[in-house]
Each structure stands twice: as structure tokens, then as C-alpha cells.
Amino acid sequence: MIISIKSSAAGGSSRGLVHYLAHSKLDREKEGIERRDFFSETENDLDVRNANRHLSIGNAKPKPEELLHIVIAPSKEEIQSVGNELKTRKDALKAVVRETVTRLKKEVKAKKLKWVAAAHFNTDNPHVHLAVQKEFLNENGKTEHLRINRQMLHYNEVSANGEKKLHKGALILAAENKIEDIAKTRQCEQEKLKDFESKKTIEKAKAQTENSKQSSSDQKPPATNFNERRILAEEMLIASEVRKHERNIENLIEHGDKKRFKIKDDQTGNTRHISLFDIERKIEIVSRRKSRLSHPKNIEKRAELTLLLTQEERAKHEPLFEQLETIRRHVLGFENRHLIKAQEKHIRLYNQKLLIEKKYERLQTAVPLPLFKPDEIQQLQSEAFREQDLEKILHLESIRQDNAAELNRPSRRDEDVRELLAAKIVAKLKLEAAEKRLLAFPANKDFIKVKIGDSIWSHQELENHEFQSAKKNGLWTKFKLKTSRTLLRSDEKTQTAENLDYPTLHKLVDDALLDTEIVRREEINVQKEFNQTLTKVFDAETNPNKTKLPPAFSAFELAEIEDLALESGRANLYENSLQLQENWLQEKLAEKIRQKNTEHDPLVKSKTINPKSRSAETLITDQFHSELGATVSLEKIIGNFVLARAEARIILAQTNVIEAHEKLAKYNQDKIFIKHRITDTKTGAEREVSLQDVEPRGSYYLLDSILERALQTKEQKELRKTVIQAAQNKEKELMQKLNDANNHQLRLENQNATLCEKYSAVPETQPIFTPKEIAALGFRAVRTLDKSEADRLEKIINEAEKKTHVGRIHNLLEDTAKKFEILAPNLTINLESKISRPNDALHLQQTTGETREIYNQSAATDTSLRTDHKNAKSEAIEPNKAVVKEKGRTR
């Protein structure tokens, strides 16, 4: 292992060190890529621009003298020891570099180092070039410059006899130890696989001698390739885990500003879910509203004040920005640590997979299909459903069908069929929501904002800007300005409207809107194809009960249904979504009851139970009963959630009614000035016309008014008639929206009254909002011109955040279901008759015989598949402690 420091000019280029590392002597045949990507401590696949941005201190590209150029070059033997495949070697080098930089941070006592690296495979000796920003913050928060001393690399030490002895520095030792660990792991797996193959060969010979004839109908998976098939299955599972962590990291990097995190206000002690995007949008709306109230007519002063207010608001929220960014970095580090662990495991399994494929290639036979447990194949296919990867869905379905045929059982269990039905319903809702967005696109086209260069424009804003520009550049306006400056003897120059190329801008906005429309149409086509694939999978299902089973939604799908019902305009489904959530909680409770009854079964009592887990569970139960007392019942847990959500939904409905009232009143007030887009029947051209533009001018003399109406041309009369009709249609539309909002509120209030009667034992509850609903109430509070309405909404938001009654639907459901685990030891069969439904037993049947062959062979031959119940149990208990304490505080 050699680690060397290059000078700033060595190997440099006029475009910078990063550009040199990415493109220098690129060999596309050896390296198998078109361009080299960079990686860092938490990110992969960085391009040159993002790598430079990662290394920069400010906004400018880092200069060569600001960077330290390090080369890490393992020997040929070390490279060969980690694997023969290019991907395996690249992953190993990444792990080595990250370990080396971690050691460097400890040596220089740095809080964080900014660095990127690129692997070069263009020579016979693969190596990595590392670019490190010299300026860093130490553990005390002070700025230092990076210096690598000789004790970190190879150095000579002179003994008392005058002899020189070569020593390895800390960085080289860290890199060598890491590469040795990877090599040892690979060697152990290869030896294990060879021993397994030799044992299986002997067992096969014995089995053939004893039993020469076997029935083909009852034949189980061959013992000789069972472990191989399990390795192939495990490789697919860990590859899926790697992709999941990579996807999470990518979303945090690219869309981290829109991700809502739970934060705590140090001053008020309130907790809430919020994103950087929410804060930015709220700042923009608040600034525009204040500037509009201060300068209702002067656009230039309004723009200046908006900019000033935005800067002031941003300064107020700066601590919040820093807090959210810190959380994002912590989550990013968490995901990266798990990604590195998953990648190391994947390297091991991937090498075993290659050996298996080469073995069957030598035998000139097909590689056997992976052998999955039902839960494993269901997990993989559920992820494929979320990703809408049609090819992966069909491939996994083929494996599922073959595995089921081998064991002579249906391809899905009852609960798996129910999950498939739920996925179909959610997919159909997504299609309806996408179709509605596309249907509303033409009507909203003029108001949709698109990015043109560094600015954001809509057709309406462009037309308003063009009108103001024409008005300010008119002859009469210029004459008045010149006269006022002459009389007042003022040399101050009045600001003029910005001269823009309006035709070109309109054309660019049209092009951007066309691209948006194309994207939405493609989204609908993709969603249709996904729905067809789900139908195809359902039709191929061999479970005889598939047409009799109800859907089983996950907590996340229930949250999606509530959002999609609003987007697709299905008010009835939105109202019924609360009933679906209530049913979900009841099914979870019934499941807990059955699990507890199973534990009391004599056949199950013989199983070993971890005493530590049992004592911890008993402690939680005792603590719960001591704090809450015997008055707490299971119905109250469900009723508390349902009533709290029903109350929150009523508040949102009331807000929508008030907003609809305001829009209708404002329209009636400004009806004569509001412009409507009218299409010319002859030319097809569109223009904005208001009632004021087409109504005859008022006159003091009645005869003048009559003559003016009589002398109107046919085209003018038709235009007037068209505009009046458009105004009436707009008024009818606003009236209909108001009526719909009133009816929606009435139905929700009736639903709430029914629920209050059903859960009469539940004491008064506080509304529970989602972060999205809180954001909507906040934007409504800053948009409304009614101060009393704004104060009411602000009070609701503050109360919700103060009492921490804010959370995502799926998190709220899962937290409520966890409370059943605390009460589980006290459940009785009598309660089951009250809560469970006739179809509960159907979807919760445990299929013991259908996979016994896999479980038995797995326990006998593959110890790596065993689950550590002790760790799983302890992890399941920890969240319950927090729930108990929180519950105790609320009491």
C-alpha cells in the first residue's frame, strides 16, 4: 500500500484538479465507463460540478492551492485479494478511502473534512485520487489548514546504532487493515462455499445409493442446490436494501429542502414537522401580503418592500434553517452508515453469486431460481410496486409462481392477496388524480408559474408587467414626469419600467408549459401501464380465495388514500378514509388479541422466551396500569384517535367554507374589472376582456346612451354577450364551490356526531393535524385579508404545535397501534368478540405447512438466516417506554 501527496501543480489542468481527476487518461475499455464519477463520505456518483461545489468554501470553484492532492495505490496482490470483478474492486476501494479519511480526521482532530475521490482503473495498478479541502474546522470550532506529517505515511526511524528502519504511518495502516478485512471476508466465504459443495456432493452420492427412485410429484428442492438458491435470494434482498439507502440519500441531497423534519422550538418548547420549502414559501407570502397592504398601487415600491421584508424574515428564521440543515446532515450520515454496511454485505454475497453462475456455466446448465420465503418475496415485490418498476414486478412474479409450484401451494397467502388488492386501489386513485390534474391544466395554464432563466413567470404576470410598462412609457406619463422635474428643479431620475422582450418571453413560457403538459400526459401513460400490470399479476394469482378477500391497506397507503381522494376530487372517499383508518386499528387490535391467546396455548408454552424481554414487558405493563388506571379501555385508544382526526377535518372544512365565501364576495365586488379570456371565433386569437371593456360608457343624457347601444356593431354585441356569459359562468362556479364546501362540512359534522355517540366514553379530545394540514392553515392565515380569521387560524396552529398533536397519518396510526402492545397482557377473548370482524380470521391465517420445507432446511443448513429474536424483542420494547412516559405526562 502506497499513499503519496502530490503538489498542487502536479497533474493539474487549466480547469482545475477535479476536472483533471475526472477526465485525465480515461480508458473507456478498461474502466468500462464514459466518465468517472466522484464519491465522498456520504455521497456517490458526483459529477465534476457537484464535486467542485462539495469542495468549495464559498460559491467560487476551489483553486488548486486550496486543495490537497493525495493518491492511494494498493499493490497488485491487495487488489486481487478483494475480488476479480471491476465493481467489486471499486466498492472495496471506496471502503478503503473512507476508512483512511476517517483515520485522517482523528489524526488532525477535525470536526469534518471536505473531500471527493475518483478511482482510476486506466493502468495495471488501480488507484484512487483524493482531493481534500485544506481549510477545516477542528473539534473546538476553529479554522485550521490541513497538514499531513511524516508519522501518517511511511517514515524512517534511526535507531541508536545508526540503522534506519522503515515504519508504516497511521493512514497506511488504516488502509491496509481495511483491505485485509475485506479480503478475509471474501476468503472465508469462498472456503465456506467449497466445504458446503464437497459435503453436498458426498450427501448426494449417499442419497442416490439409498434411494434410486423418487416420486416426481412430491420432489422438493434438491438438497445440492438449496444453499445456492438461498444465496441468490439473499443477494437480491441485500441489493434491494442497498438501492433503498441510495435512493434515500439521493432524495435527501436533491429534495432535502422539501422533506419535513420534526423540530423543537427552544423558546416555546413546541414540536412540529416542517421543511425548508414550507418556511421559504411562508416568508414569501407574508412579505408580499405586507407590501401589498402598504403600497396597494405602486408596484415598484411594493417590489422593493417585498425584498426588504423577505431579508428581514429570513434573518428571523436563520436559527430554524440551521436546525433543519443539521437534522438533514444527521439523517444523511445515518443513511450512509447503513449503506456502507449493506454494500459490504452485498460484496460478499455478490462474489458468491458469481461463483455459482460460473459453476453452472461450466456445467452448461441454467442457473437455478432463487428460493424465497413468502415474507421475503412479498417484501421485494412491495418495493417494486412502490417504485413502479414493471420489469422487476413481472420478474419477481415469475420467481414467486415457480417457488409456489415447487411446494404445491398458492403463489400468495391470504394476507398477501389483500395487500395486492390494496395496491390496485391506490394505483387507480393515483391515475384518477393525475387525470384530474391534466384536465384542469388548460384552465389554470395562464396562472401556472414556470422558470425562465433565473426568473419565474406566468402568462398573467407577463401581461401585467407589459401593461405597466406600456403605461409608464406613454407620452402623457413622460410629459408629466418631465414637467414635475422641471418645476421642482429635481435631478432625481425616476425609475422606469424594465424593458423586456415580451413576445420572446411569452414564447418561452408557452414552451415550458407545453413540456409540463407532456410530462403530465406521460405520467398518466405510466400509471395506466402500472395498473394493467397489477391486473395481470392479480389474474395470474392461484389463491382460490382471491375474489372473496377484502383489501388490507398499510398505514402509508391509508395516508395516500386521504391525500389522493382530495386531489382526485372524490369527497365521499375522503370522508370514508377515516372509517378505513378506524378499521385498520380494529384489525391491529384483533391481531394482538389472537397473538396473546396463542401465547397461552400449551403447544406454544414450550418455546423458550427471553427472560430479560419478558421482565421488561412486564415492567412496561405495570407502569402503564399504575399511571393510567383501570379506567383506560381499548375502545378509548381507538376512539381518541378517530375523534381527534374528525375534529381536525371539520376545522379544515370550516376554513374552506370561509375561503369560498371570501372568493365569491371579492368576485362580486370586483366583477366589472375582472378579465376573462375570450377566443375570437374568426381568428382563433385569445385576449383578456373585462365587463368594463364591453359595457357602453355611462352618459348624463339618456339619448346618448341609447344611441351608443344602437350604434354598436354586431361583433361588439357578440363580444359583450360572450363576456357577460363568461362572468356569469365564473360566478356560478364560485357559487358551486361554496355549496360543495358547505355540504362537505355538513357531512363531516354528521360523521363526527355519529363517532361521538359511538365513543361516548372517550373524554374531550384535541384535534390531531398532519404537517401538510398545518402548512395549509398557515398559508391560509397569511393570505386572508380578514384579521379575525388570521388570528383564529394562528391560534389553532399554535395550540396544535404546543400540545404536539401534529404528525403524519401513517406515523399516527402506527403509534396508536403500539399502545395495544402495552395492554396486550390484559386482553381477553371477550373483547375480541366486540372488536374483531368476520373477515379478520381470514386474512390473519398463518400458513404453517406451506413453507415448512423451506424453514426446516434453512434451520439445518444455513445458520445465517436465523433471526436474533433477542435483539428484535429489545428493539420493539424501547419505543413502548417512550409511549408510556408520554402517556403519563398527558394524564
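Scroll up for the structure.
This write-up is about the structure you can find in this document. (Residues numbered from 1 in each chain as written. Predicted model: local features only at pLDDT ≥ 70, side-chain atom pairs only at ≥ 80, totals over all residues. Heavy atoms only, no water.)

**Considerations on the nonpolar core**
Residues Trp584, Leu585, Ile638, Leu755, Leu813 and Phe820 are the most contacted members of the largest nonpolar core, which totals 38 residues. Looking at this core, the elements that each hand over two or more residues are α13 (414-439), α18 (555-567), α19 (571-599), α22 (634-669), α25 (714-758) and α28 (809-823). By residue number, the principal contributor to this core is α22, which donates ten residues. With sequence-adjacent residues up to four places away left out, isoleucine 638 is seen in contact with Glu582, Leu585, Gln586, Leu589, Tyr759 and Phe820. Formed by 34 residues, the second largest nonpolar core is a distinct cluster that contains Leu68, Ala95, Trp115 and Ile182. (Core = buried A, V, L, I, M, F, W, Y, C linked by side-chain atoms within 4.5 Å. Buried < 20%, exposed > 50% of the residue type's maximum accessible area, 1.4 Å probe, protein only. Helix = DSSP H or I, 4+ residues; strand = E, 2+ residues; numbered from the N terminus. Contact = heavy atoms within 4.5 Å.)

**Remarks on the packing of aromatic side chains**
Using the criterion set out here, one finds two aromatic pairs in the structure. Each ring, one from phenylalanine 39 and one from tryptophan 115, has its centre 6.0 Å from the other, and the planes form 90 degrees; the classification is edge-to-face. Of this pair, phenylalanine 39 sits in the loop between α2 (28-31) and α3 (48-55) while tryptophan 115 sits in strand β4 (residues 115-120), and the two are 76 residues apart along the sequence. We note that phenylalanine 39, like tryptophan 115, is buried. The interplanar angle of 70 degrees and the centroid separation of 6.5 Å between the aromatic rings of phenylalanine 385 and phenylalanine 530 together place this pair among those described as edge-to-face. With phenylalanine 385 in helix α11 (residues 374-387) and phenylalanine 530 in helix α17 (residues 502-540), this pair connects stretches of sequence that are 145 residues apart. (Phe/Tyr/Trp six-rings, centres within 6.5 Å; stacked < 30°, edge-to-face > 60°.)

**Considerations on a negative patch on the surface**
On the surface, a cluster of negative charge is made up of Asp45, Glu246, Glu250 and Glu254. For glutamate 254, the position within the fold is in helix α7 (residues 226-254). (Patch = residues over 30% accessible without salt bridge, like charges linked within 9 Å, V, L, I, M, F, W, Y side chains within 5 Å. Areas by Shrake-Rupley, 256 points an atom, 1.4 Å probe, with all protein chains shown as cover. Salt bridge = Lys/Arg side-chain N within 4 Å of Asp/Glu carboxyl O. Lys, Arg positive; Asp, Glu negative; His and termini not counted. Charge placed at Lys NZ, Arg CZ, Asp CG, Glu CD.)

**Things to note about the sheet that holds strand β6 (residues 135-138)**
In space, the three strands of this open sheet follow the order β3-β6-β7, with antiparallel pairing throughout. Taken across any chain shown, the strands that pair with only one partner, and hence form the sheet edges, are β3 (110-112) and β7 (143-145). Put simply, the sheet's adjacent strands are angled 60 degrees from each other on average, direction ignored. Where β6 meets β7, three bridges bridge the pair, whose relative direction is antiparallel. Within β7, the residue paired with leucine 137 across the bridge is threonine 143. (Pairing = 2+ DSSP bridges. Axes fitted to C-alpha atoms, helices over the stretch in contact; angles between N-to-C directions.)

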